[in-house]
Amino acid sequence: MSVLKMREKGMKLGFLVTSGGAGGGKGLDGNVQRRRLCWTSMAAKGFGMRPRFKYTGKLQPGELSPTRTVPKEILRPSYAGDGIPREPSPRAPWDIEVKSEADIEAMKVSGRLAREVLDIAGRMAKPGVSTDEIDAAVHEESLKRHCYPSPLNYRGFPKSCCTSINEVICHGIPD
């Protein structure tokens, strides 16, 4: 089906390229046109537009429980309030921060605490246990260790861990 026919049928395009590419700046090159057709096809199937998405398996999105809170006495990362991380990033990939002995010791402690929480989450992962139950356990176990659950509100993520089940192939929001 041509791009024009797809447009006539009301299919949305993922992006629009009007000029440039190969051929002296006239029209689209083959790769761009193929990508354009792919995005058009994906949009026609409902990808990227939740109300139109047709699920193929038995799994359906669940209801999200409210975002869990963290007590004020627990140290928070810069993104805890608004979801925007403010830690400075390295100027270049080869800029390596040399850690002090105290930094290294703190990293060992935080790694051990994270391992403990991950082990608890891993033991819970079995049929019949919801991803929201795992999230609740990760959240509570992090708080018991006086730790902030790092995924929580990072760039707006509403939960304390990323989980997915069965045929879901990417990280998901626990529900």
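Residues numbered from 1 in each chain as written. Predicted model: local features only at pLDDT ≥ 70, side-chain atom pairs only at ≥ 80, totals over all residues. Heavy atoms only, no water.

Visitor: What is the right way to read the layout of surface pockets from this model?
Guide: Space left empty within the atom packing is revealed by a probe, the size of a water molecule, rolled over the atoms. Roughly 290 Å³ of internal volume is contained in the second largest pocket. If you go around the second largest pocket, the residues you meet are Ile-74, Leu-75, Arg-76, Pro-77, Tyr-79, Glu-87, His-146, Cys-147, Tyr-148, Ser-150 and Tyr-154. When the residues that make up the lining of the second largest pocket are grouped by side-chain class, the tally is seven nonpolar, two polar and two charged. (1 Å grid on protein atoms, 1.4 Å probe; cavity = no way out; pocket = protein on both sides within 12 Å on 5 of 7 lines; lining within 4 Å. Points joined across faces, edges and corners; volume = space filled by probe spheres on them. Nonpolar A, V, L, I, M, F, W, Y, C, P; charged D, E, K, R; others polar.)

Visitor: It is not clear to me how the confidence of the model for the protein chain should be interpreted in this structure. Could you clarify?
Guide: Close reading of the predicted structure is inappropriate where its pLDDT is low. Averaged over every residue, the pLDDT of the protein chain is 75; residues scoring 70 or more account for 66%. Confidence drops under pLDDT 50 across residues 1-8; counting only partners more than four residues distant or on other chains, this segment forms 13 contacts. (pLDDT = per-residue confidence, 0-100. Contact = heavy atoms within 4.5 Å.)

Visitor: Could you clarify how one ought to interpret helix α4 (residues 131-144) in this entry?
Guide: Note: α-helices contain 3.6 residues per turn, so residues at a spacing of three or four share the same orientation. Compared with the 20 Å implied by 1.5 Å per residue over 14 residues, the 20 Å span of α4 between its first and last C-alpha is a close match. Extensive coverage of α4 is indicated by the burial of ten of its 14 residues. (Helix = DSSP H or I, 4+ residues; strand = E, 2+ residues; numbered from the N terminus. Expected span 1.5 Å × (residues − 1). Buried < 20%, exposed > 50% of the residue type's maximum accessible area, 1.4 Å probe, protein only.)

Visitor: Would you mind going over the pattern of salt bridges with me for this structure?
Guide: Where charged atoms from two side chains of opposite charge come close, those side chains can pair. Per the stated rule, a full pass over the model turns up ten salt bridges. Note that Glu-116 is salt-bridged to Arg-112, the shortest N-O span being 3.0 Å. Taken as a pair, Glu-116 and Arg-112 lie in helix α3 (residues 101-124) at a separation of four residues, close to a single helical turn. What makes Arg-112 partly exposed here is its relative accessible area of 44%. Here the residues in one salt-bridge network are Arg-112, Glu-116, Glu-141, Lys-144 and Arg-145, joined through shared partners. (Salt bridge = Lys/Arg side-chain N within 4 Å of Asp/Glu carboxyl O.)

Visitor: I keep staring at unusual backbone geometry and nothing clicks. Help me out?
Guide: As a rule of thumb, non-glycine residues mostly have phi less than zero, and peptide bonds are mostly trans rather than cis. Despite not being glycine, Asn-153 shows a phi value in the positive range, around 65°. With relative accessibility at 19%, the residue Asn-153 sits in the buried group.

Visitor: Sorry, what's going on with the packing of α3 against α4 here?
Guide: Angle between the axes and distance between the axes: these two values describe a pair of packed helices. Packing of α3 against α4 brings their axes to within 9 Å, and their N-to-C directions diverge by 155°. Judged by the inter-axis angle, α3 sits roughly antiparallel to α4. Both α3 and α4 take part in a crossing whose hand is right-handed. Seen from α3, the contacting residues are Val-117, Ile-120, Ala-121 and Met-124; seen from α4, they are Glu-133, Ile-134, Ala-137, Val-138, Glu-141 and Ser-142. When the residues that make up the contact of α3 with α4 are grouped by side-chain class, the tally is seven nonpolar, one polar and two charged. (Axes fitted to C-alpha atoms, helices over the stretch in contact; angles between N-to-C directions. Parallel < 35°, antiparallel > 145°, perpendicular 65-115°, else oblique. Left-handed = near helix turned anticlockwise from the far one by under 90°.)

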